[in-house]
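# Reading the structure
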Amino acid sequence: MASKPRTLYEKIWADHVVERRDDGTCLIYIDRHLVHEVTSPQAFEGLRNSGRTVRRPDLTLAVPDHNLPTTARVDENGARLPIADPQSAGQLEALERNTAEFGIDYFGATAPEQGIVHVVGPEQGFTLPGMTLVCGDSHTAAHGALGALAFGIGTSEVEHVLATQTLLLSQSKTMEVRVEGSLGFGVSAKDVILAIIGRIGAGGGTGHVIEYTGDVIRGLSVEGRLTVSNMSIEGGARAGLIAPDQTTFDYIRGRPMAPQGDAWAWAVDYWKTLPSDPGAVYDRTVKLDASDIAPCVTWGNSPDDVVPITGVVPDPDSFADPAKRDAARRSLDYMGLAPGTAMQDIGIENIFIGSCTNSRIEDLRAAAAVLNGRRVADTVRQALIVPGSGLVKRQAEAEGLDRIFTEAGFEWREPGCSMCLAMNPDKVPAGERCASTSNRNFVGRQGPGARTHLLSPAMAAAAAVTGRLSDVRDLMGE
Amino acid sequence: MDAVTHVEGRAYPWGAENIDTDIIIPAHWLKTTTREGLGKGAFESVRAKPGNVFDDPEYAGSPILIAGDNFGCGSSREHAAWALGDMGVKAVIAPGFSDIFSGNAFKNGIVTVVLPQAAVDRLIEVAKTDEISIDLETMTVTTPFQDRFTFTLDPFRRECLMQGLDEIGITLAKDTAISNYENAVGKSRPWIKRESGNESITV
Ligand code: SF4
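About the criteria used
Residues numbered from 1 in each chain as written. Chains lettered and ligands numbered in written order. Predicted model: local features only at pLDDT ≥ 70, side-chain atom pairs only at ≥ 80, totals over all residues. Heavy atoms only, no water. UniProt positions renumbered as here; feature names shortened; annotations may be inferred. Helix = DSSP H or I, 4+ residues; strand = E, 2+ residues; numbered from the N terminus. Rg over C-alpha atoms; globule rule 2.2 N^0.38 Å. Buried < 20%, exposed > 50% of the residue type's maximum accessible area, 1.4 Å probe, protein only. Contact = heavy atoms within 4.5 Å. Areas by Shrake-Rupley, 256 points an atom, 1.4 Å probe, with all protein chains shown as cover. Salt bridge = Lys/Arg side-chain N within 4 Å of Asp/Glu carboxyl O. Pairing = 2+ DSSP bridges. Axes fitted to C-alpha atoms, helices over the stretch in contact; angles between N-to-C directions. Near = heavy atom within 4 Å. Nonpolar A, V, L, I, M, F, W, Y, C, P; charged D, E, K, R; others polar. Buried area = accessible area lost by both parts, 1.4 Å probe. Polar contact = N/O pair within 3.5 Å; in protein donor to acceptor, adjacent residues only side chain to side chain. Phe/Tyr/Trp six-rings, centres within 6.5 Å; stacked < 30°, edge-to-face > 60°. Lys NZ or Arg CZ within 6 Å of the ring centre and 35° of its normal. Parallel < 35°, antiparallel > 145°, perpendicular 65-115°, else oblique.

The name recorded for chain B in an unreviewed UniProt entry is 3-isopropylmalate dehydratase small subunit, from Stakelama flava. In its Function (unreviewed entry) section, UniProt records this for chain B: "Catalyzes the isomerization between 2-isopropylmalate and 3-isopropylmalate, via the formation of 2-isopropylmaleate."

The name given to chain A in an unreviewed UniProt entry is 3-isopropylmalate dehydratase large subunit, with the source organism recorded as Stakelama flava. Under the heading Function (unreviewed entry), UniProt records this for chain A: "Catalyzes the isomerization between 2-isopropylmalate and 3-isopropylmalate, via the formation of 2-isopropylmaleate."

Structure (structure tokens):
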């Protein structure tokens, strides 16, 4: 008798069980661990205090990104520039000290490979299909784009993984999000995931791991898939997954940390066994039709506050759920918006193109296509492009994209998280609006009092040019 | 970790829904390298408004927080749990929690109690004037008014909380099982192993 059809999630889970407990929770082996400066110092301190070591330094990779300034890091002579904020400098020093002490590979602040953890992992071939991967950051879900079971963990879990290379977990439910059809002109991976979150709600995926399926997902590049899987957490799911296929293998092949030679062929054979079996059952399935997806933008403080750019700010009274009505009222108050305002009438003073959601080369190319030969509107006070890694930055410079950006009036920065969470000096001033390619529009996320509108890189570029939220399709001649 | 069997006292009767980790502890408080002292930054944006529940002397130092659904959504920052712990909160009652937050809370000895909305609404009423009691042994929340709400807890988490067990210590005791797993994977999926100290890795 053939064995029961299994989902991708169930296969990865089964291959990582070290021990199953009576209550059903499992000790799960962790294949890859990414570490950054903000959520790790207390974990290393914990190890030191209890005299423990790092079990598998070889499966661990560290890189600073969250609060590293994105201004120049070395002077004309190549000497490192100091970090002004003593606390940020302290976290960076702690990471340098901890990785040296515990023997962990480290891309330092001035290394060419430095970048946002979730950009660096896939780019280096550190992230591979069928693996379990964790990091003390909730957008670790991004790595699911390569078919890795990847999720964010807290600092105590970081310490647990460092010490034991395992985590005690209970199995999640599965949710299939199927997107079929073909995407319209000007509609990007970011619009797909915003539309999905708008549909399932910010808590819709709680307790589930989402697997994205359907021909729209299959047709996305790995970079587009990373954008989709990245925001699984905004839909409440701890992880997202996309089955590895030829697109994935072509992306990984030849990357510095990817398997080579015989190991490569062996790995690919294994990866081909991973996609969900025909007839595998998900606990829930949600279907979206790609032709219903327009370029999207958020209006409120929850990532499910999504409307098409052609839409208007909704009336809180139009929500049936009283809690949602209250939340919408609070959001409109914070965002300084009136119901019924056309989204395209909303003026924007800040533009941020970056974050682990949208800072890869394809994102920068999409923005450059809109900005080429154009200028940032006079009413825009701050326009930042922050590449996701040093390698993305160099690639963009090789393609001449940096000149397009600077000639348009953008600042071209060093890689890091930057204005995604405003831990470093990159902030949106209180009361001002930001068209942002990041992933969270929470109250104060981009700085105290900052008002965030989430959108795609092309849409952010369009807003930069017109000084208001705009339909990129109008600027791209269709 | 200190053992927790019982949490009793006044409670912040808050009830707000979808409280994300940026509200619990804003990002600019995350630059610390220790676990202590974050209570000062807890709920900073809420406290900026006059008349907020956290600065009401009536509830100062309450060991219990009553919140709305989806508490602790957003980021994985454990600073949210540290901040709550630092302000003296030992238990949070809500209709639902984000998965990551409840895990982080548990690891810091903070009990997350899930109760239906109707029970939470009732407890908010009681909390305005009276104390609330949470018992892990019987898994019940009670009030001085004969209210009695039962809840469930993951058995492993309950045991760790009640005995103050260190989870890493428990797992390290499974060293043989972990080594056996590593040896098996070394044969079936050898590419998992990585050459550490890659030449291109520089500081
Ligand atoms: S870019 Fe933003 S979401 Fe991504 S890792 Fe950095 S802070 Fe987290």
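Past the structure itself, the notes keep going.
### Thoughts on the overall build of chain A
Per the secondary structure count, chain A includes 16 helices and 19 strands. Over its C-alpha atoms chain A spans a radius of gyration of 22 Å, differing by no more than 12% from the 23 Å that the globule rule assigns to 478 residues. Taking the principal axes of its C-alpha atoms as reference, chain A extends roughly 60 × 55 × 45 Å. Every one of the 478 residues in chain A was classed for burial, and the buried ones make up 66%. Considering only residue pairs separated by 6 or more positions, chain A has 76% of its internal contacts joining residues 24 or more positions apart. For chain A, the exposed area adds up to about 15600 Å²; of that, 49% sits on carbon and sulfur atoms.

### Structural notes on the pattern of salt bridges
Within the structure shown, the criterion is met by 38 salt bridges over all chains. The network of salt bridges with common partners includes Arg55(A), Arg56(A), Asp58(A), Asp175(B) and Glu182(B).

### Some remarks on the sheet that holds strand 8 (residues 148-150) of chain B
Residues and elements named next belong to chain B. Strand order in the open sheet formed by 4 strands is 1-6-7-8, with antiparallel pairing between adjacent strands. Edge positions in the sheet fall to strand 1 (6-9) and strand 8, since each of these pairs with one other strand and no more. Strand-to-strand, the axes of this sheet are offset by a mean angle of 10°, without reference to chain direction. Here strand 1 runs beside strand 6 (residues 132-135); their pairing, made up of 4 bridges, is antiparallel. Directly across from Gly9, in strand 6, lies its bridge partner Ile132.

### Brief notes about the environment of Arg32(A)
Locating Arg32(A) in the fold gives a position in strand 3 (residues 32-35). Judged by relative accessible area, which is 0%, Arg32(A) ranks as buried. Linking Arg32(A) and Asp58(A), residues 26 residues apart in sequence, is a C-alpha distance of 8.8 Å. Beyond its immediate stretch of four places on either side in the chain, Arg32(A) contacts Leu59(A), Phe126(A), Leu128(A), Met131(A), Thr132(A), Leu133(A), Val134(A), Trp191(B), Ile192(B) and Arg194(B).

### Topic: the site of the ligand
Every residue lining the ligand is accounted for by His66(A), Ile116(A), His118(A), Asp137(A), His139(A), Ser355(A), Cys356(A), Cys417(A), Cys420(A), Leu421(A), Asn439(A) and Arg445(A). Classifying every residue of the shell around the ligand gives 5 nonpolar, 5 polar and 2 charged.

### Re unusual backbone geometry
Excluding glycine, a negative phi dihedral is what most residues carry, and trans is how most peptide bonds are arranged. Within the chain, Ser418(A) stands out as a residue other than glycine whose phi angle is a positive 55°. With respect to the helices, strands and loops of the structure, Ser418(A) is situated in the loop between strand 17 (411-412) and strand 18 (433-436). The phi torsion at Asn18(B) lies on the positive side, around 50°, for a residue other than glycine. Checked against the element boundaries, Asn18(B) lands in the loop between strand 2 (11-13) and helix 1 (21-24). For Asn18(B), a relative accessible area of 39% translates into the label partly exposed.

### Some points on the pairing of strand 6 (residues 132-135) of chain A
Residues and elements named next belong to chain A. Side chains of strand 6 alternate between two faces, with Thr132 and Val134 and Leu133 and Cys135 buried alike. Two elements, strand 3 and strand 6, share 3 bridges in a ladder whose sense is parallel. Of the residues in strand 6, the one forming a bridge with Arg32 is Leu133. Of the strand pairs in this sheet, strand 6 and strand 7 (residues 149-152) are connected by 4 bridges, and their pairing is parallel. Residue pairing for strand 7: Thr132 is matched across the bridge by Leu149.

### Side note on the interface of chain A and chain B
Of the residues lining the interface, 79 residues belong to chain A; the matching set on chain B comes to 53 residues. Both faces considered, chain A and chain B share a buried interface measuring about 5600 Å² in area, 56% of it formed by carbon and sulfur atoms. Inspection of the region where chain A meets chain B yields 10 salt bridges. Counting across the interface, chain A meets chain B through 27 residue pairs in polar contact (both at pLDDT 80 or more). When grouped by side-chain class, the residues that make up the side of chain A that touches chain B number 34 nonpolar, 24 polar and 21 charged.

### What to know about the packing of aromatic side chains
The description of an aromatic ring pair rests on the distance of the ring centres and on the angle between the ring planes. Using the criterion set out here, one finds 16 aromatic pairs over all chains in the structure. Ring centres of Tyr270(A) and Trp191(B) lie 5.7 Å apart, and the angle between their planes is 50°; on these two criteria the pair is classed as tilted. Linking Tyr270(A) in helix 10 (residues 261-271) with Trp191(B) in the segment after helix 8 (175-188), this pair reaches from one chain into another. Judged by its relative accessible area of 16%, Tyr270(A) falls in the buried class. Three or more aromatic residues joined by ring pairs form one cluster here, namely Tyr12(B), Trp14(B), Phe43(B) and Phe54(B). When the ring centre of Phe126(A) is taken as origin, the NZ or CZ atom of Arg32(A), which lies over that ring, is 5.3 Å away. Lying over the aromatic face of Phe319(A), Lys324(A) brings its terminal NZ or CZ to 5.7 Å of the ring centre.

### Remarks on the environment of Val228(A)
Residues and elements named next belong to chain A. Topologically, Val228 is positioned in helix 8 (residues 222-230). On the accessibility criterion, Val228 (0% relative accessible area) is buried. Sequence separation between Val228 and Lys190 is 38 residues, and the spatial gap between their C-alpha atoms is 6.5 Å. Those residues in contact with Val228, other than ones at most four positions away along the chain, are Ala189, Ile193, Tyr212 and Leu220.

### Remarks on the UniProt feature "binding site: [4Fe-4S] cluster" (unreviewed entry) in chain A
Residue and element names in this part refer to chain A. Per the UniProt record, "binding site: [4Fe-4S] cluster" (unreviewed entry) is annotated on Cys356, Cys417 and Cys420. A compact arrangement is adopted by the annotated residues: their sequence extent is 65 residues, whereas the largest C-alpha distance between any two is 8.7 Å. If we skip the residues at most four places from it in the chain, Cys356 touches Ile116, His118, Val119, His139, Asn230 and Asn439. Secondary-structure assignment places Cys417 in the loop between strand 17 and strand 18. If sequence neighbours within four positions are ignored, Cys417 has contacts with Asp65, His66, Ile116 and Phe352.

### Examining the packing of helix 4 (residues 99-107) of chain B against helix 6 (residues 155-163) of chain B
Residue and element names in this part refer to chain B. Taken N-terminus to C-terminus, the directions of helix 4 and helix 6 make an angle of 30°; their axes are 10 Å apart at the nearest point. One finds that helix 4 runs roughly parallel with respect to helix 6. Taken together, the residues of helix 6 that come into contact with helix 4 (itself represented by Ser102, Gly103 and Phe106) are Arg157, Cys160 and Leu161. A class-by-class count of the residues in the contact of helix 4 with helix 6 yields 3 nonpolar, 2 polar and 1 charged.

### Overview of the UniProt feature "domain: Aconitase A/isopropylmalate dehydratase small subunit swivel" (unreviewed entry) in chain B
On the UniProt side, "domain: Aconitase A/isopropylmalate dehydratase small subunit swivel" (unreviewed entry) is annotated at positions that read residues 2-117 of chain B here. What you have in residues 2-117 of chain B is 22% helix and 16% strand, and the ends, taken at the C-alpha atoms, are 30 Å apart.

### Observations regarding helix 12 (residues 361-371) of chain A
Of the residues making up helix 12 of chain A, those classed as buried are Ile361(A), Asp363(A), Leu364(A), Ala367(A), Ala368(A), Val370(A) and Leu371(A). Trailing helix 12 of chain A by a residue or two, Gly373(A) shows a phi angle of about 75°, which is positive.

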